[in-house]
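# Summary of structural features
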Amino acid sequence: MKRTVRSYLKPYWPSFILALGQVFLISALELLKPWPLKIIIDNILSNNPLPLGLRLNWSAETLLLAACAGLVLIYMLVGGLHVLSDYTTIRIGQGMVNDLRRDLYSRIQRLSLSFHTRQQVGDLMYRITADTLGIQTLTMNGFFSVLSALVLLAGMFVVMLSLDLYLTLLALVVCPALFGAIGLLNKKMSSAAAHARHKESLVYSLVQRTLSGIRVIQAFTKEEDEERRFVNASTESLAADLRLYNLQNFYSAMVNVTIAAGTAAVLWVGTRHVLSGQLTVGDMVVFASYLASLYAPLHSIFETYGLVQSAKVGVRRTFDILDSDHVVPDGHKTVENPNAKGEI
């Protein structure tokens, strides 16, 4: 049977739906964060009407108190929901990892001796202990981070569009450039992640083989040779990790520079709109706040991308073993002896 990540997520659908609801609630509250400050600037300090046509016969002091209390309440709810969301997603991810480890461990025990003769024990140990963690990273850290960012982006886009169409379109100009960066580095990062995983598993294999044959190594005084072999394997593994790390940092730097250019352009145009009377100061504060929050989820999406590529390699390595057909078939031969009485 072909294994998929979805098959391991299926037993946790109720918790998964709950986690999705938490993501939407957090995103809705994130959208409310700058509005108390807008009310203070535009409606309390400048005596303008309340937004959305609200008519409250409150004094300035009462409205100020309500705005400050609302700001604190929003942050409290966001913090509490983040804790609850992290707990829910981590529990789901840990359950998936445990299920995958169980299936992989059971599968390895049933694979043929010819498979075990060719496969290094240390590599199998690495797949069971380390590669299986990729399913948690891929599903929980990858999927929910990207979903949360996309929901927040959609909500911000709607609100920003109602404030200033031109500024909103200008803020989104950076998106094609960011997706172009993904296209340029996709294959390189996937290849580097696979190479790093392979080199790290070789270190595990070398350590396992050395410790298993320590009596022979000491009998033939091969300690220095084994040490040299281990240092070479460790150096190659760390070099592969460094190459992946450098690619991720280069990728992050490209994203940061692109976002900084978009921010500068929006602030320059937005300030001119305020000076010309097209926007109020409060609208500009909301827009600037959304702008920072807009680029934060974009940055989160592209930061998560490097992590997901490494996790995909680990999950693929575990599924390669689970989908292997080198299984010892169960015997069906029965021996019938009518003279057997069961006596010793």
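Our structure's up above, just so we're on the same page.
Let me begin by describing the structure that accompanies this report. Quantities reported herein were computed from a predicted structural model and do not represent experimental measurements.

## A few points about the pattern of salt bridges
- For the structure shown, the criterion picks out 10 salt bridges.
- Of the charged contacts, one joins Lys33 and Glu30 as a salt bridge, the two residues approaching to 3.1 Å between their closest N and O atoms. One exposure class covers both Lys33 and Glu30, and it is buried.
- Here the salt bridges do not stand alone but share partners, grouping Asp123, Arg127, Asp131 and Arg317 into one network.

## Comments concerning a nonpolar patch on the surface
- Together, Val207, Leu211, Phe230 and Val231 make up an exposed nonpolar region whose accessible area comes to about 340 Å².
- Broken down by secondary-structure element, the contributors of at least two residues to the nonpolar patch are α9 (174-212) and α11 (223-275).
- Tracing the backbone through its elements, the reader meets Val231 in helix α11.
- Residue classification places Val231 among the partly exposed residues on the basis of a relative accessible area of 41%.

## Here we look at the packing of aromatic side chains
- The full count for this structure, using the stated rule, is 6 aromatic pairs.
- Ring geometry for Tyr126 and Tyr204: centres 4.9 Å apart, planes at 70°, overall edge-to-face. Of the two residues, Tyr126 sits in helix α6 (residues 121-129) while Tyr204 sits in helix α9, which places them 78 residues apart along the sequence.
- By relative accessible area, Tyr204 is classed as partly exposed at 35%.

## So, the packing of helix α4 (residues 60-110) against α6
- The contact between α4 and α6 brings their axes to 9 Å, and the two run at 155°. On the basis of the axis angle, α4 is roughly antiparallel to α6. Where α4 approaches α6, its residues Arg101, Leu104, Tyr105 and Ile108 are matched on the opposing element by Leu124, Arg127, Ile128 and Thr129.

Quick notes on the rules
Residues numbered from 1 in each chain as written. Predicted model: local features only at pLDDT ≥ 70, side-chain atom pairs only at ≥ 80, totals over all residues. Heavy atoms only, no water. Salt bridge = Lys/Arg side-chain N within 4 Å of Asp/Glu carboxyl O. Buried < 20%, exposed > 50% of the residue type's maximum accessible area, 1.4 Å probe, protein only. Patch = residues over 30% accessible without salt bridge, like charges linked within 9 Å, V, L, I, M, F, W, Y side chains within 5 Å. Areas by Shrake-Rupley, 256 points an atom, 1.4 Å probe, with all protein chains shown as cover. Helix = DSSP H or I, 4+ residues; strand = E, 2+ residues; numbered from the N terminus. Phe/Tyr/Trp six-rings, centres within 6.5 Å; stacked < 30°, edge-to-face > 60°. Axes fitted to C-alpha atoms, helices over the stretch in contact; angles between N-to-C directions. Parallel < 35°, antiparallel > 145°, perpendicular 65-115°, else oblique. Contact = heavy atoms within 4.5 Å.

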